[in-house]
Amino acid sequence: MPNSSQGKVITSQKRSQEMRFKARSVSRGIAIGKVVCLMGDTRQYYLRHIVKDDVEKELRRLRAAIRLCVRQLKKLADPNSSLAFNSASNIFSAHLLILSDQSLLTAIEHRISSELINAEWAVRKTFDDHIARYRVMSDEHFRDKYLDLDDIAERIMTALGGGTQQIGLEPGSVVVARELRPSTVVELRNSGLLALITEHGGWTSHSFILARELGIPAVTGIRRILRKLSTGDLVIVDGFNGQVLVNPEPKTFDEFSSVKTGESVLRTEAPAEIGNGFATTLDGQKIELLANVDVPRGARASLLNGANGIGLFRSEFLFNRFGGFPSEMQQFTAYRKLADQAGKGVVRIRTFDIDVGQKVDRSEDREANPALGLRAIRLGLAYPNDLRIQFRAILRASHERKVDIVLPLVTGISDIEESRSILEKERAEMLEDGIDVGDPSLGVMIEVPSVVLQIDDVLQTVDFALLGTNDLTQYILAADRDNETVSNWYRTLHPAVLKCIKLVTDAGRKHNKAIVACGEMAGSPFYVPVLIGLGIGSLSMNTHSLSNVYRMISGIAYDESVELVKLLLKLRTAEAVEQAVRKTVDTKWAHLLPPDMVVR
Ligand code: PEP
Ligand code: MG
């Protein structure tokens, strides 16, 4: 639930003194470590000091990046190129001119060698100096030039490949950023990343879904974070109570005595063992428990923790692993491994849920509003060759294994029919070529109101459906799930969201099709009684949530959850629903919540 005091200093203000900031907890756990401030938009990077011997290497990296940018810009500025149109040619010619300015390059190189800093930081600082000079100019034409400079700086950052890919963090680093990209979390996870603090990003942002899956404590919602914290500050990140303590005093460490500096703890009690992939309510209702897997590491049998299979594999995270679009064989190997790890359980592979900017990685292709743009299955249908390759890999992996396909962001029957026809054609050709293939079931994500309104037709066209409450909430309420400033409007328990879920589960029963809840709601013991009362019989969640959800289901009666939902469906506001759920959980089921659970 949004917290009005987020980001306010609640004790003293002086830099070297202890400061506490209220925040929103998005991944539970406590960590004590040193701040590393991350900058950048599409590519995130941070200040890194280098030794004298590495200066030459850093300069070479910079020059190679500039050469790449020059090649890209020449192509874009070429009036005969297929990409060109008049004003674009002019703009990119101007960019080319700026980039050819030797004094700019000399200034960047000088910074690298005199300040002994990484290329990313030197580029940013040099461009920021230039931008500052343009911004104060009274002439509007010159003032606006900073946008061009910013664009060029971003292009160089992209060409540098982002600092985070090559560079390891010091052990015990707490990464601080305005906003965090999921790929950055993936890239940093194997170095010294201990915890995350951001200004923006909601509970359902992919970065925080990953943080929970990887067991990295995280808090968000601290305004102007980069002005409040500096690289090197010692901080305590309290992801149980939603707070950050900077420069903690000795007595404050006593409050966190279970955690050592440079380490993190994720839970305050031992996890419950979950049974055979199901939890049963007190009155005998069996609920299936499945795992969401984003990074294949999460699919190790020990981490699957008894789940009945992998309910959702977000395959787009393979892009990070393979540094771009994975080949058919790379995908096949990854999917086959997942199926082996899931054993007898099913694996549901969602086709790439990326936007066009992530596919082509060119600033000129970036959309103003990617959440409503050419993404997910739309992108697959617009570039059918990519979809075809992914289908082929899944078809191979499904041979003698239970591997299914899920289509993301479907908005109607045509998306399903077009995808199915590509799948069937591919399967027929592979069979003809004597390649071993399986016969995967085809399901869809229910994430958009249009498919809820057409749910009868949709369920008659597919084999099963995954209820993606993260996006469904976003699109029903027109509230960006990644934008903390509209979190007050992003209400998982909004009456309209509950009504949509009910429409879907009722139709699932009518058509005898499995409906699996797989958004972040499904992994929260607080929301689980509501989902079960709404008729959900299958929940897919991050593996760390399995035991908490198991404990909650095992301690409630199905009839009680149905009674609760009957009451909720009569309420008119999200606030009233939240209050009613909180009251019921507090009075009946508080003992089933983990002791450190933050009630959302
Ligand atoms: C969802 O939208 O609820 C979902 C599970 O998909 P993602 O979080 O990857 O968008
Ligand atoms: Mg989604």
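Relevant structure appears above.
Our subject in this report is the structure included herewith.

A closer look at the overall build of the protein
Phase 1 of the analysis: A tally of regular secondary structure across the protein gives 26 helices and 19 strands.
Phase 2 of the analysis: Counting over 600 residues, the protein shows a buried share of 56%.
Phase 3 of the analysis: Across the protein, every contact between residues at least 6 apart in sequence was considered, and the portion connecting residues at least 24 apart equals 68%.
Phase 4 of the analysis: Entry remark: accessible area of the protein is about 25500 Å², with carbon and sulfur atoms responsible for 50%.

Re unusual backbone geometry
Phase 1 of the analysis: With a phi angle near 50°, N247 is a residue other than glycine that sits in the positive phi range.
Phase 2 of the analysis: Of note, N247 is situated in the loop between β9 (243-246) and α11 (250-255).
Phase 3 of the analysis: Phi angles above zero are rare outside glycine, and A478 is one such case at about 50°.
Phase 4 of the analysis: Mapping A478 onto the fold places it in the loop between α21 (469-477) and α22 (495-511).
Phase 5 of the analysis: A relative accessible area of 73% places A478 in the exposed class.

Concerning the pairing of strand β12 (residues 286-293)
Phase 1 of the analysis: The buried fraction of β12 amounts to 7 of the 8 residues, a majority that puts the element mostly inside the structure.
Phase 2 of the analysis: In textbook terms, the turn of a hairpin is the stretch between consecutive antiparallel strands, and for strand β11 (residues 278-280) and β12 this stretch comprises 5 residues, one of which, G284, has a positive phi near 85°.

Points about the coordination of the magnesium ion (ligand 2)
Phase 1 of the analysis: Taken together, E447 (OE) and D471 (OD) make up the full set of protein donors to the magnesium ion (ligand 2), lying 2.0 Å away. Here E447, found in the loop between β16 (442-446) and α19 (449-453), pairs with D471, found in helix α21; they are 24 residues apart in sequence, far enough to count as distant. The burial state of E447 is the same as that of D471; both residues are buried.

What about helix α25 (residues 558-568)?
Phase 1 of the analysis: Those residues of α25 not exposed but buried are S561, L564, V565 and L568. For α25, the angular spread of the buried residues around the axis is 95°, confining them to a single face.
Phase 2 of the analysis: The elements touched by buried residues of α25 are α22, α23 (528-533) and α26 (574-589).

Quick look at the pattern of salt bridges
Phase 1 of the analysis: Counted under the stated rule, the structure contains 35 salt bridges.
Phase 2 of the analysis: Salt-bridge contacts for D129 lead to R111; the nearest nitrogen and oxygen are separated by 3.2 Å. With D129 in helix α4 (residues 119-135) and R111 in helix α3 (residues 102-115), the pair connects residues that are 18 residues apart, well separated along the chain.
Phase 3 of the analysis: Judged by relative accessible area, which is 16%, R111 ranks as buried.
Phase 4 of the analysis: With a shortest N-O distance of 2.8 Å, D353 and R375 are connected by a salt bridge. Of this pair, D353 sits in the loop between β14 (346-350) and α15 (356-360) while R375 sits in the loop between α15 and α16 (376-382); the two residues are 22 residues apart in sequence, bridging distant segments of the chain.
Phase 5 of the analysis: Put simply, E316, R350, D353, R375, D471 and R481 are held in one network by salt bridges that share partners.

Side note on the site of ligand 1
Phase 1 of the analysis: In the vicinity of ligand 1, 14 residues are found, and the nearest of them are H206, R314, G468, N470 and R481.
Phase 2 of the analysis: R350 is positioned with one of its side-chain polar atoms (N or O) 2.9 Å from an oxygen atom of ligand 1.
Phase 3 of the analysis: Contact distances for ligand 1 include 3.0 Å between an oxygen atom and a backbone N or O atom of D471.
Phase 4 of the analysis: Here ligand 1 loses 100% of its free accessible area of 290 Å² to cover by the protein chains.
Phase 5 of the analysis: Taken together, the elements giving at least two residues each to the shell around ligand 1 come down to α9 (206-214), β13 (309-314) and α21.
Phase 6 of the analysis: Sort the elements by how many residues they give to the shell around ligand 1 and α21 lands first, with 3 residues.

Examining the packing of helix α14 (residues 328-342) against helix α17 (residues 384-397)
Phase 1 of the analysis: With their axes 8 Å apart at the nearest point, α14 and α17 run at an angle of 40° to one another. Here α17 runs oblique to α14, going by the angle between their axes. The two elements α14 and α17 meet at a crossing, and its hand is right-handed. In this structure, α14 uses E328, M329, Q331, F332, Y335 and R336 to contact α17, whose residues at the interface are I389, Q390, R392, A393, I394, R396 and A397.

Cut-offs and rules
Residues numbered from 1 in each chain as written. Chains lettered and ligands numbered in written order. Predicted model: local features only at pLDDT ≥ 70, side-chain atom pairs only at ≥ 80, totals over all residues. Heavy atoms only, no water. Helix = DSSP H or I, 4+ residues; strand = E, 2+ residues; numbered from the N terminus. Buried < 20%, exposed > 50% of the residue type's maximum accessible area, 1.4 Å probe, protein only. Contact = heavy atoms within 4.5 Å. Areas by Shrake-Rupley, 256 points an atom, 1.4 Å probe, with all protein chains shown as cover. Pairing = 2+ DSSP bridges. Donors = N, O, S within 2.8 Å, 3.2 Å for Na, K, Ca; no water. Arc of directions from axis to C-beta. Salt bridge = Lys/Arg side-chain N within 4 Å of Asp/Glu carboxyl O. Near = heavy atom within 4 Å. Polar contact = N/O pair within 3.5 Å; in protein donor to acceptor, adjacent residues only side chain to side chain. Axes fitted to C-alpha atoms, helices over the stretch in contact; angles between N-to-C directions. Parallel < 35°, antiparallel > 145°, perpendicular 65-115°, else oblique. Left-handed = near helix turned anticlockwise from the far one by under 90°.

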